[in-house]
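Coordinate analysis (summary)
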Amino acid sequence: MQAYTSPRRTPGFFGHKRLIIAVLGVAVAAAILLLDFIYIRHDIRIFADGKEISVVMRDGTVGDSLARAKIDLGEHDLVEPALQTGVNDDLTIRVTRTMPVNVTADGQTALHWVPVGSRTEEILDQANIDINPEDQVTPEPDQVIKTGANVEVIRVVEKIVKDSVKVPFKTVRRNDPRLEKGLQRVVQQGKDGLMQRT
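Source: prediction; values computed, not measured. Throughout, a residue's number is its position along its own chain's written sequence, starting from 1. Selection of residues for local features in this predicted model requires a pLDDT of at least 70, selection of side-chain atom pairs for listing and counting requires 80 or more, and totals for whole chains, interfaces and linings are taken over all residues. Hydrogens and water molecules were not included; the side-chain quantities draw on all heavy atoms of the structure.

Attention shifts here to the sheet that holds strand β7 (residues 136-138). Strands are labelled as partners when DSSP assigns at least two bridges between them. Under the DSSP-based scheme used, a helix requires at least four consecutive residues in state H or I and a strand at least two consecutive residues in state E, with every element numbered from the N terminus. Strands sit in the order β6-β5-β8-β7 across an open sheet of four strands; the sheet is mixed. The sheet terminates laterally at β6 (108-115) and β7, the two strands that pair on one side only. When strand polarity is set aside, the average angle formed by the axes of neighbouring strands in this sheet is 20 degrees. As paired elements, strand β5 (residues 98-105) and β6 share eight bridges and run antiparallel to each other. Looking at β6, one finds that Asn102 is bridged to Leu111. Every axis corresponds to a line fitted to the C-alpha atoms, with the helix fit spanning only the stretch in contact, and the corresponding angles, defined between N-to-C directions, vary from 0 to 180 degrees.

Here is the structure:
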């Protein structure tokens, strides 16, 4: 006896249609992923330490971009835009390195973190210290300052000071023929005077 086998079915038109739809679906999904990979990217320009560095990011933040570019930040370094800012097309990031400077003015000394390469006058401006033309500033206002430098403002104030000085009276002696020899008479009592000096 012979085993029963079902007749072999040929896919026919509808069977091939399913295969074509499946292949087309996979192709479309692959094309979408490929386009996403190619077109959804952000070219980021980073300016740090006198160099320009370019990185490509698909998503993330400014901080992620700096990490990808292997740029380490100091505790007080300035980053524009902020580290938490999301990346977008043609983003430019600027990293400004800072340095500590001691500023002494009006009897107080304070530590300020200023951009590397700052001049004395820029540091004083950042510290909100006004300078008068008579004031003495060390180092000179247009001098570039180095890390750990000291900037000092000495206030020069011109005042006209008036004071009084005691002037002792003088004794004037005159001969008077009407008096006997050896006698003296006080014509006017003397008193100390005051002289104004500036």
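The discussion continues.
Another point: unusual backbone geometry. The general pattern is negative phi for most residues beyond glycine and trans for most peptide bonds. Pro81 follows Glu80 through a cis peptide bond whose omega is -5 degrees. Mapping Pro81 onto the fold places it in the loop between β3 (78-80) and β4 (91-96). Omega for the peptide link from Thr138 to Pro139 comes to -10 degrees, which places this bond in the cis form. On the secondary structure map, Pro139 appears in the loop between β7 and β8 (150-154). One non-glycine residue, Asn128, adopts positive backbone phi at about 60 degrees.

Time to look at the side chain of Asp77. Its place among the elements puts Asp77 in the loop between α2 (62-68) and β3. Partly exposed residues are those whose accessible area sits between 20% and 50% of the maximum for their type, while under 20% is buried and over 50% is exposed, using a 1.4 Å probe and protein chains only. Look at Asp77 and you get buried, because its relative accessible area is 15%. In the analysis that follows, any N or O atom pair within 3.5 Å is treated as a polar contact, provided that within protein one partner can donate a hydrogen and the other can accept it, and provided that, for residues neighboring in sequence, both atoms belong to side chains. For Asp77, the side chain forms a polar contact with the side chain of Arg97, separated by 2.7 Å. Looking at Asp77, its side chain comes within polar contact range of the main-chain nitrogen of Thr98, at 3.0 Å. If we ignore the near neighbours within four places in the chain, the residues touching Asp77 are Thr96, Arg97 and Thr98. By definition in these notes, contact holds between two residues if any of their heavy atoms fall within 4.5 Å.

Time to look at the pairing of strand β2 (residues 51-57). As paired elements, strand β1 (residues 42-48) and β2 share seven bridges and run antiparallel to each other. Bridge pairing links Asp43 to Val56 in β2. In this structure, the hairpin formed by β1 and β2 is closed by a connection of two residues, where Asp49 is found at a positive phi of approximately 55 degrees.

Before going further, it helps to examine the pairing of β1. Covered by surrounding structure in β1 are His42, Ile44, Ile46 and Ala48 only, the residues Asp43, Arg45 and Phe47 on the alternate face being uncovered. With four bridges connecting them, β1 and β4 associate as parallel partners. Within β4, the position partnered with Ile44 by the bridge is Leu91.

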